Amino acid sequence: MTTKDEGSVSRRRFLQGVGALSAPTAFTPLQSRDGRSGGASGIYEQLGVRTFINAAGTYTMFSGSLLHPEVRKAMDEASRAYVSIEELQQICGDRIAAATGAEAALITSGCAAALMLATAACVAGEDEDAIRRVPDTSGLRNEVIFVKEHRFGYDHAIRNVGAKIVEAETGAEIREAIGERTAMLFFLNFANDRGPVSREEVAAIGKEKDIPTLIDAAADLPPVSNLSAYIEMGYDLVAFSGGKALRGPQCSGLLMGRKDLIRAAYRNGPPFGNTIGRIAKVGKEEIVGLTRAVEVYLAKDHAAEWDRWESHVSHIGAAVSSIEGVRSERFVPEIANQVPHLAIEWDSRVVDLTRDAFVRELREGEPSIEVRPSDPAEPRLEIGVWMMDGDEYRIVASRCADILRASA
Ligand SMILES: *Cc1c(COP(=O)(O)O)cnc(C)c1O
């Protein structure tokens, strides 16, 4: 039981905590970067939270991507009036669908939420009793067939619904695994080259057996054509992250596909209570923000952007590869994050530096820099240039060169 006194004591403590936050001496920010990354460091400086140059990519732990200025503006405007979420989802979904060639679209709170709602749509549909009951899926079609090599960290989003994952290794095994309990076939796009089954084959099996198919293409932009490619290929449902390459709200995702399934996905989540998806609420700001983000993404000059990334990769590569014992190499990951990156490699007999020490120096320096996670045992650093702002690539180049030179 909380007495009045206890309440006021904890309230006082809470207020003291807040006071400590704003006291300039209580927290010394590691660094500040006024003017960079949209000049947004004020609030983080106040909070004492470190900001950094993102030389990694679109990682959730590194807070995704930065909102495109037009998206930020749209979200700000969206935050100033009341609307019906149903009407907003309908109109924004229609706009996105018209732009991508899908029948329908739903804005979710992330790609993982899109996977969960897609699964709920295939398991519970629009049946009110089933919607209330999941993750209890007794008596429902509740099996999702996965290519074995496609089991991944996000399959929890599918299992949340109470679905059972059935693994198959080949196209023939997928066909055999299909039965009256089969709710959905799943394909993990970036694993297309991992197993003996291609994305085209899974889409075709779905059509042949009349089972809905879902493809997770969360981080698989660019190329921009992917926004339409999997719908055209015959997938019933396609999921993307909104807070990665699209530069929409970090907490947004996109589910596109068949009208009946999109309607069912919507019915299994917010704003409806007592649904599995209610925990993945999406607000008016995210709905409007992602819609704007898709439109901005479709309209932008992708070739010019690519050229800019190439020149930044070359600049950093040139800055480090003149150092003895250091070489650099441009690479483009095959599917996810398919943009120019730079790998820096060094001969540890010439340059006395571990990857860990390199990462730490970049992180602890001024300004702080985060790079792409990679094998800590390798004398190799991977840099993503596509989430950097303005001239940040120049800073990354000189800092990397300085650290390497100091260890040579
Ligand atoms: C990032 C990612 C997700 C999760 O997306 P969120 O938008 O962060 O929810 C799911 N699947 C894959 C393959 C991803 O890369």
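For the structure, check the block above.
In this text the structure is predicted, and so the values were computed from the model without any measurement.

**As for empty space enclosed by the protein**
Empty space among the atoms can be located by rolling a probe the size of a water molecule over them.
Now for step 1: Applying the stated criterion to the full structure yields 1 cavity of 30 Å³ or more.
Now for step 2: In this structure, the largest cavity spans a volume of roughly 50 Å³.
Now for step 3: In terms of lining, the largest cavity is formed by Gln 89, Leu 106, Ile 107, Thr 108, Leu 117, Ala 265, Tyr 266, Gly 269, Pro 270, Ala 280 and Val 282.
Now for step 4: Contributions of two or more residues to the lining of the largest cavity are made by β2 (104–108) and α11 (259–267).
Now for step 5: Counting residues per element, the lining of the largest cavity draws most heavily on β2, at 3 residues.
Now for step 6: In the lining of the largest cavity, the residues fall into 8 nonpolar, 3 polar and no charged.

**Quick notes on the site of the ligand**
Now for step 1: With respect to spatial proximity, 13 residues lie near the ligand, and among them Cys 111, Ala 112, Asp 216, Ser 241 and Lys 244 are the closest.
Now for step 2: In this structure, Cys 111 approaches the ligand through a main-chain N or O atom, which is 2.8 Å from an oxygen atom.
Now for step 3: For the ligand, an oxygen atom lies 2.9 Å from a polar atom in the backbone of Ala 112.
Now for step 4: According to the grid-proximity analysis, the pocket containing the ligand is the second largest pocket.
Now for step 5: Looking at the shell around the ligand residue by residue, the class counts come to 8 nonpolar, 3 polar and 2 charged.

**Description of the nonpolar core**
Now for step 1: If you look at the biggest cluster of nonpolar residues, it comprises 75 residues, and the most contacted ones within it are Ile 174, Ile 344, Ile 383 and Leu 404.
Now for step 2: If you tally residues by element for this core, the top one is helix α15 (residues 392–407), at 8 residues.
Now for step 3: Lining this core are residues from two domains, each supplying at least three of them: domain 1 (4–66 + 301–407) and domain 2 (83–299).
Now for step 4: Dropping the residues within four chain positions of it, Ile 344 is found in contact with Val 320, Val 326, Arg 327, Ser 328, Pro 379, Arg 380, Leu 381, Ile 383, Cys 400 and Leu 404.

Rules behind the numbers
Residues numbered from 1 in each chain as written. Predicted model: local features only at pLDDT ≥ 70, side-chain atom pairs only at ≥ 80, totals over all residues. Heavy atoms only, no water. 1 Å grid on protein atoms, 1.4 Å probe; cavity = no way out; pocket = protein on both sides within 12 Å on 5 of 7 lines; lining within 4 Å. Points joined across faces, edges and corners; volume = space filled by probe spheres on them. Helix = DSSP H or I, 4+ residues; strand = E, 2+ residues; numbered from the N terminus. Nonpolar A, V, L, I, M, F, W, Y, C, P; charged D, E, K, R; others polar. Near = heavy atom within 4 Å. Polar contact = N/O pair within 3.5 Å; in protein donor to acceptor, adjacent residues only side chain to side chain. Sits in = over half its atoms within 2 Å of the grid points. Core = buried A, V, L, I, M, F, W, Y, C linked by side-chain atoms within 4.5 Å. Buried < 20%, exposed > 50% of the residue type's maximum accessible area, 1.4 Å probe, protein only. Domains from an automatic or database assignment. Contact = heavy atoms within 4.5 Å.

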